Amino acid sequence: MVSRLRLAFGRLPGGTEFQAIDGKPVFNFFLIVAPPLEISNQYLPVLGKIAQLAKEPDVPDRLEALQSPDEFLRLLQEKGV
């Protein structure tokens, strides 16, 4: 169990079939883990920000080019996530 909200990001370079609406393979994955009895639902704003981030046209290429966790964190900061 976790005591506070956690976020993980993963990338699968070859992609995988994930029944996406556009039928294309999925390369990037976000995992949000929240405490089981969290009343304030903190994960909802985080989920919304990730959804907004994913819609930005430059983000898929930038996620693909990441070489380190620090670069990922800088991208999130730059995009206001």
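Remarks on the nonpolar core
Soluble, globular proteins show a tendency: their nonpolar side chains are buried together. In this structure, Leu53, Val59, Leu63, Leu66, Phe72, Leu75 and Leu76 together form the largest nonpolar core, which totals 7 residues. When contributions to this core are tallied by element, the ones reaching two or more residues are helix H2 (59-65) and helix H3 (69-79). Per element, the largest residue contribution to this core is 3 residues, and it comes from H3.

Topic: H3
Along H3, the residues classified as buried are Phe72, Leu75 and Leu76. Summarising the axial view, the buried residues of H3 lie within an arc of 95°, below the 170-degree limit, and thus occupy one face. Away from its buried face, by an angle of more than 90 degrees, H3 presents the exposed residues Gln77 and Glu78. Of the residues one or two after H3, Gly80 is the one with positive phi, at around 75°.

A word on a nonpolar patch on the surface
Taken together, the side chains of Tyr43, Leu44 and Leu47 make up a nonpolar region of the molecular surface, amounting to roughly 260 Å² of accessible area. Along the chain, Leu47 turns up in helix H1 (residues 43-55). Given a relative accessible area of 45%, Leu47 falls into the partly exposed group.

Notes on the packing of aromatic side chains
Given two aromatic rings, their pairing is described by the distance between the two centres and the angle made by the two planes. Enumeration according to the criterion identifies 4 aromatic pairs in this entry. Aromatic side chains Phe18 and Phe29 sit 5.6 Å apart centroid to centroid with 80° between the ring planes, which places their arrangement in the edge-to-face category. Of this pair, Phe18 sits in the loop between strand S1 (6-16) and strand S2 (26-33) while Phe29 sits in strand S2, and the two are 11 residues apart along the sequence. For Phe29, a relative accessible area of 28% gives the class partly exposed. Of the aromatic side chains, those joined through ring pairs into one cluster are Phe9, Phe30 and Phe72.

Comments concerning the pattern of salt bridges
Inspection of every chain in the model, using the stated rule, returns 4 salt bridges. We note a salt bridge from Arg62 to Asp58, for which the minimum N-O separation is 3.4 Å. Taking the shortest distance from any N to any O, the salt bridge between Asp58 and Lys79 comes out at 3.1 Å. Here Asp58, found in the loop between H1 and H2, pairs with Lys79, found in helix H3; they are 21 residues apart in sequence, far enough to count as distant. Here the residues in one salt-bridge network are Glu56, Asp58, Arg62, Glu78 and Lys79, joined through shared partners.

Quick look at the layout of surface pockets
Vacant regions in the atomic arrangement are exposed by a probe of water-molecule size rolled over the atoms. If you add up the space inside the largest pocket, you get close to 720 Å³. Here the lining of the largest pocket is composed, by residue class, of 16 nonpolar, 1 polar and 5 charged.

Calculation criteria
- Residues numbered from 1 in each chain as written.
- Predicted model: local features only at pLDDT ≥ 70, side-chain atom pairs only at ≥ 80, totals over all residues.
- Heavy atoms only, no water.
- Core = buried A, V, L, I, M, F, W, Y, C linked by side-chain atoms within 4.5 Å.
- Buried < 20%, exposed > 50% of the residue type's maximum accessible area, 1.4 Å probe, protein only.
- Helix = DSSP H or I, 4+ residues; strand = E, 2+ residues; numbered from the N terminus.
- Arc of directions from axis to C-beta.
- Patch = residues over 30% accessible without salt bridge, like charges linked within 9 Å, V, L, I, M, F, W, Y side chains within 5 Å.
- Areas by Shrake-Rupley, 256 points an atom, 1.4 Å probe, with all protein chains shown as cover.
- Salt bridge = Lys/Arg side-chain N within 4 Å of Asp/Glu carboxyl O.
- Phe/Tyr/Trp six-rings, centres within 6.5 Å; stacked < 30°, edge-to-face > 60°.
- 1 Å grid on protein atoms, 1.4 Å probe; cavity = no way out; pocket = protein on both sides within 12 Å on 5 of 7 lines; lining within 4 Å.
- Points joined across faces, edges and corners; volume = space filled by probe spheres on them.
- Nonpolar A, V, L, I, M, F, W, Y, C, P; charged D, E, K, R; others polar.

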